[in-house]
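One-letter residues, chain by chain:
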Amino acid sequence: MQIHLGDWEDRILVQNPATGDIVTSVAYMGKKETTDAISSAYNTFNSWSKHTASERSKCLRKWYDLMISHKEELALLMTLEQGKPLKEALGEVAYGAGFIEFFAEEAKRIYGDIIPATLADRRLFVLKQPVGVVGAITPWNFPLAMITRKVGPALACGCTVVVKPSEYTPLTALAAAELSLQAGIPPGVLNVVVGNASDIGDTLLQSTKVRKITFTGSTAVGKKLLAGSANTVKRISLELGGNAPCIVFDDADLDVAVKGALAAKFRNSGQTCVCANRILVQEGIYEKFANAFAKAVQNLHVGNGLVEGIAQGPLINEAAVEKVEKFIKDATSKGANVILGGRRHSLGMTFYEPTVLGNVNDEMLVSREEVFGPVAPLLRFKTEEDAIHIANDTNAGLAAYIFTTSIPRSWRVTEALEYGLVGVNEGLISTEVAPFGGFKQSGLGREGSKYGIDEYLELKYVCLGNMKEAYTK
Ligand code: NAP
């Protein structure tokens, strides 16, 4: 929320979505501060990229250690500004810090190549060099991990970064940046600007000093950034929205399927890009699954994430609740039935009852678009071919889940799914050691894992010629 305190100063009020309390305020930045941050990153690039891999690795490792030793404080900030339960916030600190640890190790493994020469007097090499200054724009749903997933590999290979976190969650970002300084990462290597999103975004896009944009957020903003990068031909990575199918076959283990679907749907109150958005259930197991799943959902306690035992915090803002209401109204007007929930929670604020909808079909908004809230729509299907068709009938292609005890089926369906991540009999699949990214309009590029570092590297081919003399002496 932005407030105007007068001509001389604007501030962003950081609000606790569980209580409405103002946690604190931070400076509201725009074009000027972003230009300064880009200059600072640009000036530091020369020295940071010349640090040895081992020096960069040690700084990153120290940063990781500091995040872990401050995990309670980071998690508390996250719950206060974002609303997720403290236990989930602690999980995010471990996951987010994990990217820094992983890329501290990868920093030492950025190898080039020697190519067998085509002419006797030549030697051919490939060098890998950092792309330069990176602009990183991140969302509120994972206030730490979406930053470290970008900054870890960027810093590991010698890039410097300007990060723009969401205006809803600047505190976790600022705390992490402060810890980076304490870890010995030089000032100017990691810069954070918070404020006017389009001014900051446009300044990053227009600058010829910024060589790469990396973005996690909605598909609509991602498309703007992709178009905006054209003018200066920047490298770009996009981690965008999903519409994850979660397919439960007749031969699934019911307990495994319920547990997996619950985790895939309700983590972060349904506000993740890999959340199961459509639960496709084969007709033979539909009734049994719907009953067991609704029972499990009923046990999810809703409330302030600081309270022990809470599994579902508030949604991020009023607009998020209104979107959920709109999708449920659309679904019920077209024949869906509310099995559980379907209303704002009696706690008020932006709390919403964990909801299960039955008899959903693929014409309803709730299965066409990302609901980004605690609503689990159940769709009935007949055959494996039907399930694959429904699952792939979307422009998104981030995560998909399947539940089956048949090994041949698990391979067949996995290979047929047009998705970047597939969970088989598992609902929680994100890890720093595996590549994360989408097919189709869910994005470009991959983050995390050994593949994630390539996004921040340029390949330089070197041809060493006129070597005849060296070999004839
Ligand atoms: P969003 O509205 O696209 O915002 C993401 C970031 O972009 C925020 O920092 C936002 O700033 C900024 N932004 C907004 N308009 C901009 C502009 N014109 N130029 C530059 N930056 C701009 O998305 P969100 O609602 O925060 O996040 C939810 C979306 O992210 C969902 O669609 C979800 O699926 C997706 N997501 C994807 C992944 C993935 O890895 N694929 C992971 C997490 C989330 P302000 O917040 O300050 O306005």
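Residues numbered from 1 in each chain as written. Predicted model: local features only at pLDDT ≥ 70, side-chain atom pairs only at ≥ 80, totals over all residues. Heavy atoms only, no water.

- Under an unreviewed UniProt entry, the protein chain has the name Succinate-semialdehyde dehydrogenase and belongs to Phoenix dactylifera.
- Per UniProt, the comment on the protein chain under Subcellular location (unreviewed entry) is "Mitochondrion".
- In the Pathway (unreviewed entry) part of its UniProt record, the protein chain is described as follows: "Amino-acid degradation; 4-aminobutanoate degradation." (UniProt positions renumbered as here; feature names shortened; annotations may be inferred.)

**Some remarks on the overall build of the protein chain**
Here is step 1 of the chain: When helices and strands are tallied, the protein chain shows 15 helices and 19 strands.
Here is step 2 of the chain: In terms of C-alpha radius of gyration, the protein chain reaches 24 Å, essentially the compact-globule figure of 23 Å for 473 residues.
Here is step 3 of the chain: If you line up the protein chain on its principal axes, its C-alpha atoms span 80 × 60 × 40 Å.
Here is step 4 of the chain: Expressed as a percentage of the 473 residues in the protein chain, the buried residues total 53%.
Here is step 5 of the chain: Accessible surface, the protein chain as shown: approximately 20,000 Å² in total, 54% of it carbon and sulfur. (Helix = DSSP H or I, 4+ residues; strand = E, 2+ residues; numbered from the N terminus. Rg over C-alpha atoms; globule rule 2.2 N^0.38 Å. Buried < 20%, exposed > 50% of the residue type's maximum accessible area, 1.4 Å probe, protein only. Areas by Shrake-Rupley, 256 points an atom, 1.4 Å probe, with all protein chains shown as cover.)

**Overview of the sheet that holds strand S4 (residues 113-115)**
Here is step 1 of the chain: Ordered by their spatial adjacency, three strands build an open sheet running S4-S5-S19, and the pairing between neighbours is antiparallel. Of all strands in the sheet, those bounded by a partner on one side alone are S4 and strand S19 (457-464). Going across the sheet, the axis of each strand differs from the next one's by a mean of 25°, ignoring polarity.
Here is step 2 of the chain: Inspection of the sheet shows S4 paired to strand S5 (residues 123-130) by three bridges, in the antiparallel sense. Each bridged residue has a counterpart across the sheet, and for Ile 115 the counterpart in S5 is Leu 124. (Pairing = 2+ DSSP bridges. Axes fitted to C-alpha atoms, helices over the stretch in contact; angles between N-to-C directions.)

**A word on the sheet that holds strand S12 (residues 276-282)**
Here is step 1 of the chain: Read from one edge of the open sheet, seven strands run S13-S14-S15-S12-S11-S16-S17, paired in mixed fashion. Every other strand in the sheet has two partners, leaving strand S13 (337-340) and strand S17 (421-424) as the edge strands with one partner each. Averaged over all adjacent pairs, the angle separating strand axes in this sheet is 25°, with direction ignored.
Here is step 2 of the chain: Helix-sheet contacts for helix H11 (residues 318-333) involve S13, strand S14 (355-360) and strand S15 (375-381), and the interaxial angle to S14 is about 30°. (Contact = heavy atoms within 4.5 Å.)

**Examining the site of the ligand**
Here is step 1 of the chain: Of all residues adjacent to the ligand, which total 28 residues, the nearest are Thr 138, Arg 149, Ser 218, Leu 240 and Glu 370.
Here is step 2 of the chain: Between Arg 149 and the ligand, the recorded distance is 2.8 Å, taken from a side-chain N or O atom to an oxygen atom.
Here is step 3 of the chain: Within the side chain of Ser 166, a nitrogen or oxygen atom sits 2.9 Å from an oxygen atom of the ligand.
Here is step 4 of the chain: Coverage of the ligand by the protein chains reaches 87% of its 900 Å² of free accessible surface. (Near = heavy atom within 4 Å. Polar contact = N/O pair within 3.5 Å; in protein donor to acceptor, adjacent residues only side chain to side chain.)

**Thoughts on the environment of Glu 105**
Here is step 1 of the chain: Counting through the fold element by element, Glu 105 comes out in helix H4 (residues 86-106).
Here is step 2 of the chain: The spacing of Glu 105 and Ser 54 is 51 residues in sequence and 9.1 Å in space, taken between C-alpha atoms.

**Description of the nonpolar core**
Here is step 1 of the chain: Leu 60, Trp 63, Met 67, Val 151, Leu 155 and Val 161 are the most contacted members of the largest nonpolar core, which has 54 residues in total.
Here is step 2 of the chain: Examining the composition of this core, we find that nine residues originate from one element, H4, more than from any other.
Here is step 3 of the chain: Residues in contact with Met 67, not counting those within four places in the same chain, are Leu 74, Val 93, Ala 97, Ile 100, Leu 144, Thr 148 and Leu 179. (Core = buried A, V, L, I, M, F, W, Y, C linked by side-chain atoms within 4.5 Å.)

**Quick look at the packing of helix H2 (residues 53-69) against helix H3 (residues 71-82)**
Here is step 1 of the chain: Two elements in contact, H2 and H3, have axes whose closest approach is 4 Å; the angle formed by their N-to-C orientations is 70°. By the angle between their axes, H2 is roughly perpendicular relative to H3. On H3, the residues that touch Met 67, Ile 68 and Ser 69 of H2 are Lys 71, Glu 73 and Leu 74.
Here is step 2 of the chain: Here the residues of the contact of H2 with H3 sort into three nonpolar, one polar and two charged. (Parallel < 35°, antiparallel > 145°, perpendicular 65-115°, else oblique. Nonpolar A, V, L, I, M, F, W, Y, C, P; charged D, E, K, R; others polar.)

**So, the pattern of salt bridges**
Here is step 1 of the chain: Throughout the structure, instances matching the rule amount to 20 salt bridges.
Here is step 2 of the chain: Asp 65 serves as the salt-bridge partner of Arg 61, at 3.3 Å between the closest nitrogen and oxygen. Of this pair, Arg 61 and Asp 65 both sit in helix H2, four residues apart, which is roughly one turn of the helix.
Here is step 3 of the chain: You can call Arg 61 partly exposed: its relative accessible area is 34%.
Here is step 4 of the chain: With a shortest N-O distance of 2.7 Å, Glu 447 and Lys 150 are connected by a salt bridge. Here Glu 447 is found in the loop between strand S18 (443-444) and S19, whereas its partner Lys 150 is found in helix H5 (residues 145-157), with 297 residues between them in sequence.
Here is step 5 of the chain: One connected set of salt bridges, linked through shared partners, spans Asp 251, Glu 384, Arg 409 and Arg 412. (Salt bridge = Lys/Arg side-chain N within 4 Å of Asp/Glu carboxyl O.)

**Some remarks on the UniProt feature "domain: Aldehyde dehydrogenase" (unreviewed entry) in the protein chain**
Here is step 1 of the chain: Mapped onto this numbering, the UniProt entry annotates "domain: Aldehyde dehydrogenase" (unreviewed entry) at residues 11-462.
Here is step 2 of the chain: The distance from the first to the last C-alpha atom of residues 11-462 is 50 Å, and the span holds 40% helix and 21% strand.

**A word on the pairing of strand S11 (residues 244-248)**
A regular strand carries its side chains on alternate faces of the sheet.
Here is step 1 of the chain: Burial runs high along S11: five of the five residues are buried.
Here is step 2 of the chain: Burial along S11 is two-sided: the residues Ala 244, Cys 246 and Val 248 and Pro 245 and Ile 247 are all buried.
Here is step 3 of the chain: Examined bridge by bridge, S11 and S12 share five bridges and lie parallel to one another. Bridge pairing in S12 places Ala 244 opposite Ala 276.

**Some words on the packing of aromatic side chains**
Here is step 1 of the chain: In this structure the tally under the stated criterion is six aromatic pairs.
Here is step 2 of the chain: Relative to Phe 293, the ring of Phe 266 has its centre 6.4 Å away and its plane inclined at 35°; by these criteria the two rings are tilted. Of this pair, Phe 266 sits in helix H9 (residues 254-266) while Phe 293 sits in helix H10 (residues 286-298), placing them 27 residues apart in sequence. Phe 293 shares its class with Phe 266; the two are buried.
Here is step 3 of the chain: Centroid distance Phe 289 to Phe 293: 5.2 Å. Interplanar angle 15°. Geometry classified as stacked. With a gap of four residues between them, Phe 289 and Phe 293 both fall in helix H10, about one helical turn apart. When sorted by exposure, Phe 289 lands in the same class as Phe 293, which is buried. (Phe/Tyr/Trp six-rings, centres within 6.5 Å; stacked < 30°, edge-to-face > 60°.)

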